[in-house]
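Observations on the model geometry
Chain by chain, the residues:
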Amino acid sequence: MIPDPATVADRLALRDLVESYAAAVDARDADLLASLFTPGALLEVRRNDGTGSRYEGAAALPRLISALETNYQKTFHLVGNHRVTLDGDRAAGDTYCLAHHVFADEGVPSTMEMLVRYLDRYVRDDGDWLIDRRTVTYLWTRVTPVDASGLGR
């Protein structure tokens, strides 16, 4: 069966949206990050220890960038599986991501490697897909010393 070209285009656009989120976070680009969300979006982060963060509205997302800058020298998000269910101008997504967060652990450069799951709701607005709700859940983490000498490049 040949897939409908419009469905293929929507799936590619949604994959690009998810990858753009990773790129915006890693580049610390608050403007790009906010542009990927609806004005009334909700982003929730749920950590392994039961704590979390909540960002209500695209205008609140620069706080996420500030938190990353405060806690980590560098981040690297590699987007893996991305499955979506389309329903007209709405969609739901489930994405796995392997994220590395470089920081100093008692003076030793280390990475916190996280397997992250994103549960998303998307809406199409004026032809563009945007994230309306994202729940970020850490599935597991591991901290490992790293050679961070190449971070300045």
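Residues numbered from 1 in each chain as written. Predicted model: local features only at pLDDT ≥ 70, side-chain atom pairs only at ≥ 80, totals over all residues. Heavy atoms only, no water.

Scanning all chains against the criterion turns up 10 salt bridges. The shortest N-O distance in the salt bridge between D10 and R124 comes to 2.7 Å. Residue D10 is located in helix α1 (residues 5-27), and its partner R124 is located in strand β5 (residues 108-125); the two are separated by 114 residues in the primary sequence. The partly exposed category is assigned to R124, whose relative accessible area is 25%. Several salt bridges converge on common partners, so that one network encompasses E44, R46, R54, E56 and R133. (Salt bridge = Lys/Arg side-chain N within 4 Å of Asp/Glu carboxyl O. Helix = DSSP H or I, 4+ residues; strand = E, 2+ residues; numbered from the N terminus. Buried < 20%, exposed > 50% of the residue type's maximum accessible area, 1.4 Å probe, protein only.)

Turning to helix α3 (residues 62-71), a few remarks are in order. Every α-helix winds through 3.6 residues per turn, so residues three or four apart in the chain are directed the same way. When we look at burial in α3, the residues that qualify are L64, I65 and L68. The buried residues of α3 occupy one face: seen down the axis, they fall within an arc of 100°. Of the surrounding secondary structure, the elements contacted by the buried residues of α3 are α1, α2 (30-35), β1 (37-46), β2 (52-56), β3 (74-87) and β4 (90-105). (Arc of directions from axis to C-beta. Contact = heavy atoms within 4.5 Å.)

Let us now look at the nonpolar core. Judged by nonpolar contacts, the single largest core of 36 residues is most densely connected at Y21, L33, F37, V116, Y122 and V136. Elements supplying a minimum of two residues to this core: α1, β1, α3, β3, β4, β5 and β6 (128-145). Element by element, the count of residues in this core is highest for α1, at 7 residues. Setting aside residues no more than four positions away along its own chain, L33 makes contact with Y21, A24, V25, L61, L64 and I65. (Core = buried A, V, L, I, M, F, W, Y, C linked by side-chain atoms within 4.5 Å.)

If you trace the 6 strands from one edge of the open sheet to the other, you get β2-β1-β6-β5-β4-β3, paired in mixed fashion. One side of each edge strand has no neighbouring strand; the edge strands of this open sheet are β2 and β3. The average undirected angle you get between the axes of adjacent strands in this sheet is 15°. Where β4 lies against β5, 16 bridges are found, and the strand directions are antiparallel. Bridging from a neighbouring strand, G93 pairs with D120 of β5. Lying on the sheet, α1 is in contact with β1, β3, β4, β5 and β6; it crosses β3 at an angle near 155°. (Pairing = 2+ DSSP bridges. Axes fitted to C-alpha atoms, helices over the stretch in contact; angles between N-to-C directions.)

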